[in-house]
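Observations on chain architecture
One-letter residues, chain by chain:
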Amino acid sequence: MSDEEVVYALRWNNSIAVAIFTLISYEYILQFEKEVKFVWTKPWSLMTYLYLVRYFGIFIAMLWACWGGLVYMPERVSYALVVLLEWGFSIYYWLAEVVLIWRLYALYNQSKLVLYMLLGLFIPIVALSTGMTIFLYSRPEAFSVIEIVTPNVRYCTSSFNMGPMPAIYASIPIICYDIFLVVLAIVILVRHLRERREIRMKPNACVMLVVRCHIVYFLLNLTNQILWTVLWANIPQAVASLSEEFIDTVPFIMAPRLIISIWGTHVDDECVHISTMFEDCICWTLPPTFEQHEMGNIRSNHDEGTNIG
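These figures come from a predicted structure and were not determined experimentally. (Residues numbered from 1 in each chain as written. Predicted model: local features only at pLDDT ≥ 70, side-chain atom pairs only at ≥ 80, totals over all residues. Heavy atoms only, no water.)

**Topic: the side chain of S129**
Along the chain, S129 falls in helix 5 (residues 112–137). Classification of S129 as buried rests on a relative accessible area of 10%. Sequence-distant contacts of S129, defined by excluding residues within four places in its chain, comprise S90 and W94. (Helix = DSSP H or I, 4+ residues; strand = E, 2+ residues; numbered from the N terminus. Buried < 20%, exposed > 50% of the residue type's maximum accessible area, 1.4 Å probe, protein only. Contact = heavy atoms within 4.5 Å.)

Following this line, the structure appears as structure tokens:
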């Protein structure tokens, strides 16, 4: 690389690093009030602990922003750090998938069959992801770090030493699993709409939002997998930097936002069981047991009034 190309790449790296710091910090400040309202002042549940994984994501994003040219690190340290970050990305993805599984488990009336089926399919995905992380990032012959030294600059950059095909093969099962989750969410939505129509009630806002979140997350993960694969191809510096910015920011912003939006919608929907854990709230049951019970009482009172009349 010429000196001009080195400086050009370093400027892109530093610009993306500043953008990551700005976006992650702004999002945290923006969501902090809701976090206090829905997390720190409420009884804790499994979903609360999963939400707090956002701090793990913030740590990864900030560390990734420091990696490269913004903060100089020796080549050996840079390589160890980037491998650690890739493992962090994998763990974060696994936990985000657990959130989706737990949402579906709640929508399907806490069906153990659905839960075991989803977990049974998810465990091979975790195994595949673990194997590909080892194959692609934990072997210097596949992925390495190069220290670039010129009279003016000195920094480390990543070097992808393989083509994109292994990454493409690894992403296919992950995308198929997310498609399966979206299909299950849409199936329960169709069932929910049909049952609400039969009892002449409007759809539950939380059910609608959960399905929407599944679709958004699928599109997000699809884009993320595509960009992750693109990095292994020989692409221009600008495209690589923008791809890394998306990978290093959007998942850590969207996943916590999707979780907390459910709690916000639950409150706005004025559910009387808002203090219960997510999966135990009666408004999730399909058919809506509580509401059918109330409507049954109304019909009984109406029938009694008719008989009296």
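Don't stop here, the text continues.
**Description of the packing of helix 4 (residues 75–107) against helix 6 (residues 165–198)**
Taken N-terminus to C-terminus, the directions of helix 4 and helix 6 make an angle of 25°; their axes are 10 Å apart at the nearest point. Classified by the angle between their axes, helix 4 and helix 6 sit roughly parallel to one another. Like other packed secondary-structure pairs, helix 4 and helix 6 cross with a definite hand, here left-handed. The residues of helix 6 that touch helix 4, namely those facing Y93, E97, L100, I101, L104 and L107, are I174, Y177, D178, L181, L184, A185 and I188. When its residues are assigned to classes, the contact of helix 4 with helix 6 shows 11 nonpolar, no polar and two charged. (Axes fitted to C-alpha atoms, helices over the stretch in contact; angles between N-to-C directions. Parallel < 35°, antiparallel > 145°, perpendicular 65-115°, else oblique. Left-handed = near helix turned anticlockwise from the far one by under 90°. Nonpolar A, V, L, I, M, F, W, Y, C, P; charged D, E, K, R; others polar.)

**So, the pattern of salt bridges**
In this structure the tally under the stated criterion is four salt bridges. The residue R257 makes a salt bridge to E27 at a minimum N-O spacing of 2.8 Å. A residue pair is termed long-range when its members are at least 10 positions apart, and R257 in helix 8 (residues 237–268) and E27 in helix 1 (residues 3–40) qualify at 230 residues. By relative accessible area, R257 is classed as partly exposed at 29%. (Salt bridge = Lys/Arg side-chain N within 4 Å of Asp/Glu carboxyl O.)

**Brief notes about the nonpolar core**
In a soluble, globular protein the nonpolar side chains are often hidden away together inside. Core analysis: the largest hydrophobic core is formed by 41 residues, its most contacted members being M47, Y51, L104, L118, Y177, Y217 and W263. Elements that contribute at least two residues to this core include exactly helix 1, helix 2 (46–51), helix 4, helix 5, helix 6, helix 7 (205–230) and helix 8. If one sorts the elements of this core by residue count, helix 4 sits on top with 10 residues. Each residue touching L118, except ones within four places of it in the same chain, is listed here: I101, L104, Y177, F180, L181 and L184. Ranked by size, the runner-up nonpolar core spans 36 residues in total, among them I20, V145, L231 and A255. (Core = buried A, V, L, I, M, F, W, Y, C linked by side-chain atoms within 4.5 Å.)

**Concerning the confidence of the model for the protein chain**
Of the residues in the protein chain, 84% reach a pLDDT of 70 or more, and the chain-wide mean stands at 79. When pLDDT is averaged over each element of the protein chain, helix 5 comes out on top at 92 and helix 9 (residues 289–308) at the bottom at 42. In this model, residues 272–276 is a region of pLDDT below 50 whose contacts with residues beyond four sequence positions or in other chains number seven contacts. Low confidence marks residues 285–309, where pLDDT is under 50. Its contacts with residues over four positions away, or in another chain, come to 18 contacts. (pLDDT = per-residue confidence, 0-100.)

**Overview of unusual backbone geometry**
Most peptide bonds take the trans form, and the phi angle of most residues other than glycine is negative. Here the phi dihedral of Q110 falls at roughly 55°; this positive angle occurs in a residue that is not glycine. Within the element layout of this structure, Q110 appears in the loop between helix 4 and helix 5. Since its relative accessible area comes to 28%, Q110 is described here as partly exposed. With phi around 60°, R200 is a residue other than glycine that occupies positive phi space. Following the sequence through the fold, R200 ends up in the loop between helix 6 and helix 7. Classification of R200 by relative accessible area gives exposed; the value is 80%.

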